[in-house]
Structure formats: C-alpha cells, structure tokens
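Structural characterization, general
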Amino acid sequence: MQPLFETILEYIPAPEGDPEAGTQLLISTIDYNEYVGRIGVGKIDNGTLSVGQEVIIVNHHEPDKQKKVKISKLYEFDGLNKVEVKEAHIGSIVAISGISDIHIGDTLCSTDNPVPIPFQKISEPTIAMHFIVNDSPLAGQEGKYITSRHIRDRLFKELNTDVSLRVEETDSTDAFKVSGRGELHLSVLIENMRR
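Summary of the structure given here. What you see is a predicted model; the values in this text were computed from it and never measured.

This brings us to the overall build of the protein chain. Summing up its helical and strand segments, the protein chain has three helices and 13 strands in all. What you see for the protein chain is a C-alpha radius of gyration of 21 Å, clearly larger than the 16 Å of a compact globule of 195 residues, by over 25%. On the principal axes, the C-alpha backbone points of the protein chain span a range of 65 × 45 × 30 Å. With 195 residues in all, the protein chain has 33% of them scored as buried. Considering only contacts within the protein chain whose residues lie at least 6 apart along the sequence, 61% involve residues at least 24 apart. Computed over 20 positive and 30 negative side-chain charges, the separation of the two mean positions in the protein chain equals 6 Å.

Encoded structure:
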C-alpha cells in the first residue's frame, strides 16, 4: 500500500480554500438514521465548522431559501465509521445531524456571508408506475402478507435517502404512484422492497 499512498500524496492536489473565510459546505449526500433522522454529508470548501456554530442554509437553485440552524452533532469519517468531532476544517468530509429538512445541494454558510455553492440540479423523474397491494388469488401464500400501510411506510422511508424519487398517493388507498429517473432506478427500488 505504501506506493499507492505516496502516489496519492504526490499527484492528488490538496484541498483548496480559505481557512479564514466564512464557512461554506455543500451537502452532496443524504443519509438517514432512525434515531437522529436526516444526516447531511459534504466537504468543507472554506472556513471551519464546529459544534454549536450558528449557520445559514442557502441553495443555489432556490434563491429565497435562507434558514438559520445550529450545528448540534458533527462527524468525520474514519474508514466506514463516523467519529464525533467538535470542529472540522477545509477539505474534511463531514456528516451533520440534527437538521430535519436538509437536502442535497444545500450550502451551509456562516451567517455573515451566505453565498451558496453552485451545483448540478438533480434531474426530475422521467418514468412512473403504480405500486399496488397484491390482490391476486395467490396473495399471501408466499412471503409476508403486506398491507397498503406497509407499502406506504416503506415508500415514504425511501424518500429520506433517495432524492430523485417521488411518491404520490392516489384515489385508491391500495395504490401509490412512484416516479423515478428510469427503469433501472425503479427496478432497484422494487428489488430492495422485495427483499
């Protein structure tokens, strides 16, 4: 592994940014945990971020969005594990919990200079299908018996981490309209739900 590490240090540029500037962190991934809710993950581009710091959430594609929040929990990554830290600096990839309505593309900034970081807008869904309770004569003979409430709960749980998925209730209590970015996107969802 030593030659690989030396090559990374030699050829991969160090993070660029101004440690003295106001905080800027672009949320690039959303995680979810039953205990803490939504977790925003992103890289610090400028400044530092610390627990207890008051920041403002802005979004490049939503100019009207400005919401003040306080950082309650801050984590850095050590391998696959999250390690709780009190402060993080430029280039650190961090996870932030305690902000219920954080989304991909949001920028966390210092309150005195709320400048959003531009990002690629997430594509809207292109295909839709209905998820319906199994009402065939063979329903319930294999696997678990699933009600519309179970399907609804599972679909809405998926919305916590899959930002390009849309779930709508229909006129029927047994059917849900699910929109995704393509056949593969919905196929993966179906297979995960089947398992």
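Here we come to the environment of Val41. Tracing the backbone through its elements, the reader meets Val41 in strand S2 (residues 37-46). What makes Val41 buried here is its relative accessible area of 11%. Leave out the neighbours within four places in its chain, and Val41 touches Leu26, Ile27, Ser28, Thr29, Phe77, Ile93, Val94 and Ala95.

Topologically, Asn46 is positioned in strand S2. Residue classification places Asn46 among the buried residues on the basis of a relative accessible area of 16%. A polar atom in the side chain of Asn46 sits 2.8 Å from the backbone nitrogen of Asp18. The residues contacting Asn46, other than those within four sequence positions of it, are Gly17, Asp18, Ala21, Gly22, Thr23, Gln24 and Ile90.

This part covers the sheet that holds strand S4 (residues 54-59). Sheet architecture is open: eight strands sit in the order S5-S4-S10-S1-S2-S9-S6-S7, paired in antiparallel fashion. One side of each edge strand has no neighbouring strand; the edge strands of this open sheet are strand S5 (62-70) and strand S7 (81-84). Between one strand axis and the next, the sheet turns by 35° as a mean value, whatever way the strands run. Pairing of strand S1 (residues 24-33) with strand S10 (residues 106-110), which is carried by three bridges, proceeds in the antiparallel orientation. The residue of S10 that forms the bridge with Leu26 is Thr107.

A separate point is the packing of helix H2 (residues 148-158) against helix H3 (residues 183-194). Direction vectors running N to C along H2 and H3 enclose 130°, while the axes themselves pass 12 Å from each other. In terms of axis orientation, H2 runs oblique to H3. Every pair of crossing elements has a handedness; the one defined by H2 and H3 is right-handed. Of H3, the residues touching H2 (which contributes Ile151, Arg154, Leu155 and Glu158) are Leu189, Asn192 and Met193. Along the lines of polarity and charge, the residues of the contact of H2 with H3 split into four nonpolar, one polar and two charged.

Reading the values: rules and limits
Residues numbered from 1 in each chain as written. Predicted model: local features only at pLDDT ≥ 70, side-chain atom pairs only at ≥ 80, totals over all residues. Heavy atoms only, no water. Helix = DSSP H or I, 4+ residues; strand = E, 2+ residues; numbered from the N terminus. Rg over C-alpha atoms; globule rule 2.2 N^0.38 Å. Buried < 20%, exposed > 50% of the residue type's maximum accessible area, 1.4 Å probe, protein only. Contact = heavy atoms within 4.5 Å. Lys, Arg positive; Asp, Glu negative; His and termini not counted. Charge placed at Lys NZ, Arg CZ, Asp CG, Glu CD. Polar contact = N/O pair within 3.5 Å; in protein donor to acceptor, adjacent residues only side chain to side chain. Pairing = 2+ DSSP bridges. Axes fitted to C-alpha atoms, helices over the stretch in contact; angles between N-to-C directions. Parallel < 35°, antiparallel > 145°, perpendicular 65-115°, else oblique. Left-handed = near helix turned anticlockwise from the far one by under 90°. Nonpolar A, V, L, I, M, F, W, Y, C, P; charged D, E, K, R; others polar.

Functional significance is not addressed by these values, which are geometric in nature.
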